[in-house]
Amino acid sequence: MLNSPFFDTILSLITLYLIFSQLTLSLVELPAGVLNTRGTYLHARLGDALGLALRDAFYQAPTIRALTLPRAQKNLLVAWVPRWPSYVSETLFAQTIIEQVAGAGTGPTPLDQFSAGLRSLSPTTFTGTLQTLYDNALRVGATPAEQGVALQRNLEGWFHEFGERLTGWYKRDNRKYLFLVGLLVAVLADVDSVRLARFLGDSQHAAARLALVDTGLQIAREAHPAGLDYNPANPAGAPPAVPASRAMHQADSLFQQALAAVPAAGLPLGWLRWTHRSARRTNTTTVRDSASPARRYARPAAYGWDPAADDFGMPPYAQRWQLDAQTGQVRLARGFSGFLDILGGWLLTAFALMLGAPFWFDTLGKFINIRNVGLKPKSTT
């Protein structure tokens, strides 16, 4: 059963979803890098968490301003792109907050200054959190030095938890962009999940199915693909910044990889297969003149579509267009109901691509292990 055509069809679809989801993610990350989306997102979320006044003071601190992107190094030299940093370490966040709050108060010791500054702040949710963290530090530490260390550690822990929550928020808010770009990819590449499932499950297309299974086995041996993970409190684990030109080249390479992964047997993908114009038809034309009686002769004229093209060689369920051999007219298969089927297949593909390349990579590995194929162990010397 695990080596059945049904199971291989599932593996083939997962492989296609993985390839096209990598392309989708690259297209989403390209404008995100150019427009500094992560920095803008962190700025907005800190405003919600800290309050606008404390957030603005935080970004005006010299230690944070030093992290802003210089104008001379901005992507595409777009002057209106925000320059806020995308990543702030936990230690830097805690030290900056303590400095900002303590700077608003007076006292003989730094802790007294922090306590006085905390009382001068407008009451917000975060100031209440700060008061709780400060009271906890006073109970934990036996000396002022230990209490100061405990306060900084508490703030670092809070920002770490905030970064973990921000990762989930960032993924959730970017799902809609993944869906829209995935739908665009599905339409432009004509990745119809319903048609592909029927095509790959057909016993006549075993070569295409097995070729995709082999492609999936090769991809499963590669490194885990990048996702939408974003934690501003963990700059060490952050992906390196990718220039716009390199990101565009990467997206193009992934698209070429998607095309190269299509087996030679021919999958029902893409629109360019339907634009071949080499076929000829014969028009019968009647010519009349005064010197001779009316006569009829055949004059060749070009078809708009080639009846020998891939689409017309496909099974009826996989055809997008149908050619009327008598009139030479090309029309959409099954009319309006056929278009609804196509739209449903595109939407299914968009939902699948929205899940992301890491999800399909992990799913591919699980299905390969269930199939008892297993991954080839790394050789050791």
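Residues numbered from 1 in each chain as written. Predicted model: local features only at pLDDT ≥ 70, side-chain atom pairs only at ≥ 80, totals over all residues. Heavy atoms only, no water.

A. How the structure looks around the overall build of the chain. If you tally the helices and strands in the chain, you get 14 helices and four strands. Summarising the internal contacts of the chain: among those between residues at least 6 apart in sequence, 71% fall at separations of at least 24. Here the chain has roughly 20,700 Å² of accessible surface; of this, 59% comes from carbon and sulfur atoms. (Helix = DSSP H or I, 4+ residues; strand = E, 2+ residues; numbered from the N terminus. Contact = heavy atoms within 4.5 Å. Areas by Shrake-Rupley, 256 points an atom, 1.4 Å probe, with all protein chains shown as cover.)

B. Spotlight on helix α9 (residues 193-201). When we look at burial in α9, the residues that qualify are Ser 193, Arg 195, Leu 196, Phe 199 and Leu 200. One side of α9 carries all its buried residues, which in axial view fall inside an arc of 160°. Capping the start of α9, Asp 192 holds a side-chain oxygen 3.1 Å from the backbone nitrogen of Val 194, two or three residues further along. (Buried < 20%, exposed > 50% of the residue type's maximum accessible area, 1.4 Å probe, protein only. Arc of directions from axis to C-beta. Polar contact = N/O pair within 3.5 Å; in protein donor to acceptor, adjacent residues only side chain to side chain.)

C. Expanded view of the packing of aromatic side chains. Taken as a whole and assessed by the stated rule, the structure comprises 15 aromatic pairs. With a centroid separation of 5.6 Å and 85° between ring planes, the pair formed by Phe 58 and Tyr 59 is classed as edge-to-face. In this structure Phe 58 comes out as buried when scored by relative accessible area, which is 1%. A ring pair is formed by Phe 93 and Trp 158, whose centres lie 5.8 Å apart and whose planes are at 15°; its orientation type is stacked. Pair noted here: Phe 93 is in helix α5 (residues 90-102) and Trp 158 is in helix α8 (residues 144-189), with a separation of 65 residues, a long-range link. Aromatic ring contacts, followed pair by pair, group Phe 58, Tyr 59, Trp 84, Phe 93, Phe 126, Trp 158, Phe 159, Phe 162 and Trp 169 into a single cluster. (Phe/Tyr/Trp six-rings, centres within 6.5 Å; stacked < 30°, edge-to-face > 60°.)

D. Just the packing of helix α7 (residues 125-140) against α8, in detail. It is at 8 Å that the axes of α7 and α8 come closest, and there the two elements cross at 140°. The angle between α7 and α8 places the two elements in the oblique class. Classified by chirality, the crossing of α8 by α7 is right-handed. Contacts between α7 and α8 pair Phe 126, Thr 129, Leu 130, Leu 133, Tyr 134, Asn 136, Ala 137, Leu 138 and Val 140 from the former with Gln 147, Ala 150, Leu 151, Asn 154, Leu 155 and Trp 158 from the latter. (Axes fitted to C-alpha atoms, helices over the stretch in contact; angles between N-to-C directions. Parallel < 35°, antiparallel > 145°, perpendicular 65-115°, else oblique. Left-handed = near helix turned anticlockwise from the far one by under 90°.)

E. Geometry of the pattern of salt bridges. Applying the stated rule across the entire model yields six salt bridges. The partner of Arg 38 in a salt bridge is Glu 29, with the nearest N and O atoms 3.1 Å apart. Its salt-bridge partner being Asp 173, residue Arg 45 comes within 3.2 Å of it at the nearest N-O pair. Remark: Asp 173 occurs in helix α8 and Arg 45 occurs in helix α2 (residues 37-50); sequence separation between them is 128 residues. Residue Asp 173 is classed as buried on the basis of its relative accessible area, which comes to 18%. Each of Arg 45, Asp 48, Arg 172 and Asp 173 takes part in one network of salt bridges that share partners. (Salt bridge = Lys/Arg side-chain N within 4 Å of Asp/Glu carboxyl O.)

F. Spatial organisation of the environment of Thr 167. If you trace the backbone, Thr 167 turns up in helix α8. Since its relative accessible area comes to 13%, Thr 167 is described here as buried. Along the sequence, Thr 167 and Asn 231 sit 64 residues apart, while their C-alpha atoms lie 5.4 Å from each other.

G. Representation of unusual backbone geometry within the structure. Notably, Asp 190 is not glycine yet its phi reads approximately 55°, a positive angle. One can find Asp 190 in the loop between α8 and α9. With a relative accessible area of 0%, Asp 190 lands in the buried category.

H. Main features of the nonpolar core. Among the nonpolar cores identified, the biggest contains 41 residues, and Leu 16, Leu 18, Phe 20, Phe 199, Leu 200, Leu 267 and Leu 364 are the most heavily contacted of them. Broken down by secondary-structure element, the contributors of at least two residues to this core are α1 (5-34), α8, α9, α10 (206-220), α13 (335-354) and α14 (357-370). The leading source of residues in this core is α1, at 12 residues. By size, the runner-up hydrophobic cluster in this structure holds 35 residues, among which are Phe 93, Phe 126, Leu 133 and Ala 233. (Core = buried A, V, L, I, M, F, W, Y, C linked by side-chain atoms within 4.5 Å.)

Geometric descriptors of this kind do not, in isolation, establish any biological role.
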